[in-house]
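Remarks on the overall topology
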Amino acid sequence: MATLRLTKHNTAMLTSAMTLVNAISADAIVLLLEGATDWQRLAELMAKNEFEKPLIVAVDSIEELDGASEAGLKPVALNKEKAPLLERLQHALLEAAADEFIKPNDEIVAIYGGFTSGRLDSISHLKLDERMRRLTTRDLQSLESSVPLKTMKVVVDLAVQIGVEGREGKPVGALFVVGDTRSVLKHASDSGVDPFRGYNKKARNLFDAKVQEDAKEISQLDGAFLISADGTIERSRQMLEVLHEDLNMSKGLGSRHWAAAAITRRTKAVAIVVSQSTGTVRLYQNGFLKMQIEPMDKGIKWQEISFKPPSASGDD
Ligand SMILES: Nc1ncnc2c1ncn2[C@@H]1O[C@H](COP(=O)(O)OP(=O)(O)OP(=O)(O)O)[C@@H](O)[C@H]1O
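Quick look at the structure, then. For clarity, every value in this text was computed on a predicted model and none was experimentally measured.

**Focus on helix H9 (residues 255-266)**
Residue pairs three or four apart in sequence face the same way in an α-helix, which turns once every 3.6 residues. The first and last C-alpha atoms of H9 sit 16 Å apart over 12 residues, in line with the 16 Å expected at 1.5 Å per residue. Turning to H9, its buried residues are His257, Ala259, Ala260, Ala261, Ala262, Ile263 and Thr264.

**Digging into the site of the ligand**
Of all residues adjacent to the ligand, which total 14 residues, the nearest are Asp222, Ser255, His257, Ser275 and Gln276. Here a nitrogen atom of the ligand and a backbone polar atom of leucine 240 are 2.9 Å apart. Protein burial of the ligand: of its 620 Å² of free accessible surface, 76% is covered by the chains. Elements with a minimum of two residues in the shell around the ligand: strand S9 (233-240) and H9. When grouped by side-chain class, the residues that make up the shell around the ligand number four nonpolar, eight polar and two charged.

**Section: unusual backbone geometry**
Phi angles above zero are rare outside glycine, and serine 25 is one such case at about 55°. Non-glycine residue asparagine 286 carries a positive phi angle of around 55°. In this fold, asparagine 286 is placed in the loop between strand S11 (281-285) and strand S12 (288-295). The partly exposed category is assigned to asparagine 286, whose relative accessible area is 43%.

**Some details on the sheet that holds strand S3 (residues 74-77)**
Strands pair in a sheet through their backbones, by hydrogen bonds, and they do so in one of two ways: parallel or antiparallel. Reading across from one edge, S3-S2-S1-S4-S5 is the order of the five strands in this open sheet, with mixed pairing throughout. The open sheet has two edge strands with one neighbour each: S3 and strand S5 (122-127). The average angle at which neighbouring strand axes cross in this sheet is 25°, direction not considered. Two elements, strand S1 (residues 28-32) and strand S2 (residues 55-59), share four bridges in a ladder whose sense is parallel. Each residue of the ladder has a partner; that of leucine 31, found in S2, is valine 57. Here helix H1 (residues 8-23) sits on the sheet and contacts S1, S2, strand S4 (107-112) and S5; the angle it forms with S4, its principal contact strand, is near 170°. Helix H2 (residues 39-48) rests against S1 and S2 of the sheet, and its axis sits at about 155° to S2.

**Regarding the side chain of threonine 151**
Mapped onto the fold, threonine 151 is located in helix H6 (residues 149-165). Classification of threonine 151 by relative accessible area gives buried; the value is 1%. With near-sequence residues (within four places) excluded, threonine 151 lies in contact with Val178, Phe207, Ser228, Ala229, Asp230 and Gly231.

**Re the side chain of glutamine 161**
Its place among the elements puts glutamine 161 in helix H6. A polar contact is formed between the side chain of glutamine 161 and the side chain of lysine 216, at a distance of 2.8 Å.

**A closer look at H2**
All buried positions along H2 are accounted for by Trp39, Leu42, Ala43, Leu45 and Met46. For H2, the arc enclosing every buried residue in end-on projection is 155°, short of the 170-degree limit, so these residues lie on one face. Opposite the buried face of H2, by more than 90 degrees, sit the exposed residues Ala47 and Lys48. Packing partners of the buried residues in H2 comprise H1, S1 and S2. Positive backbone phi, at 50°, marks glutamate 50, one or two positions downstream of H2.

**Concerning the environment of leucine 14**
Here leucine 14 is to be found in helix H1. For leucine 14, a relative accessible area of 0% puts it in the buried group. Taking the C-alpha atoms as reference points, leucine 14 and leucine 31, 17 residues apart in sequence, are found 8.7 Å from one another. Excluding its chain neighbours within four sequence positions, the residues that come into contact with leucine 14 are Leu6, Leu31, Leu42, Leu45, Ile111 and Leu120.

Scoring rules and cut-offs
- Residues numbered from 1 in each chain as written.
- Predicted model: local features only at pLDDT ≥ 70, side-chain atom pairs only at ≥ 80, totals over all residues.
- Heavy atoms only, no water.
- Helix = DSSP H or I, 4+ residues; strand = E, 2+ residues; numbered from the N terminus.
- Expected span 1.5 Å × (residues − 1).
- Buried < 20%, exposed > 50% of the residue type's maximum accessible area, 1.4 Å probe, protein only.
- Near = heavy atom within 4 Å.
- Polar contact = N/O pair within 3.5 Å; in protein donor to acceptor, adjacent residues only side chain to side chain.
- Areas by Shrake-Rupley, 256 points an atom, 1.4 Å probe, with all protein chains shown as cover.
- Nonpolar A, V, L, I, M, F, W, Y, C, P; charged D, E, K, R; others polar.
- Pairing = 2+ DSSP bridges.
- Axes fitted to C-alpha atoms, helices over the stretch in contact; angles between N-to-C directions.
- Contact = heavy atoms within 4.5 Å.
- Arc of directions from axis to C-beta.

Below is the structure:
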């Protein structure tokens, strides 16, 4: 990947971004890069400009961020090399919020090469509240209690892609049940031949881009994916049989959503559903809708859902 040289031009752009942050009382800079840069020199540039706010450096792979933290920068790994600029920027903001480098209401100055590789040519002033509505760290962390955050993110990203892209020009829905697989299996049965059965763990791990593509193909078939906390597809094409009667669901949601909510009521799993009709991704935990993500053509927009807590009588 191209490393960024701190040329006279790039240095001047970075200095301008720092000046802008201070002038408008913004909260942080997000520097979106295609590869590493001289982290130490970047830190020196901050010191020279007396810039004391967080400078988040977002690069695709974690290896390229070697030394960034030690230099006093805030590193974020994207793993989105081929994604469009806007999606990478959005992802950088989500990751930075999840790592608590920034807060959901912060104002950010983003700096990146929008037109030419290796040349910082664009500076944007973003209000996070507008940018990503309300993805709060609290939401992510509350989900992390049963499943590691990185597994949640990989499944959510995949679900969003399925919702946006569909398959072969047709909309596709999907259901991922993540974590507590042993309990979930007690409520699951094959709805057809499971294409993942018999493959070794590595060939079933959703952190692998090829496995993600396979999962997108299989999402066209009936049934749910059961994913373990480490991101392994334990089963696919599973029909879930769970009682629905004590759930409080929005009107218009069909059996896939009911199954998703119900399984999280009975187990400690988190369910992530892609609606075939709208592409909307919903996350259920403990039988409740916790988050809803409306897909957009470019990037994702996160929304927090306010849901009615169960009444004291348990009549929910
Ligand atoms: N209990 C279940 N377990 C696993 N998958 C299910 C279950 N019920 C439904 N599905 C899957 O959901 C698909 C669509 O069902 P349905 O249209 O009722 O769902 P929905 O909630 O309205 O979702 P969508 O918005 O995607 O249409 C089914 O073809 C099946 O693959």
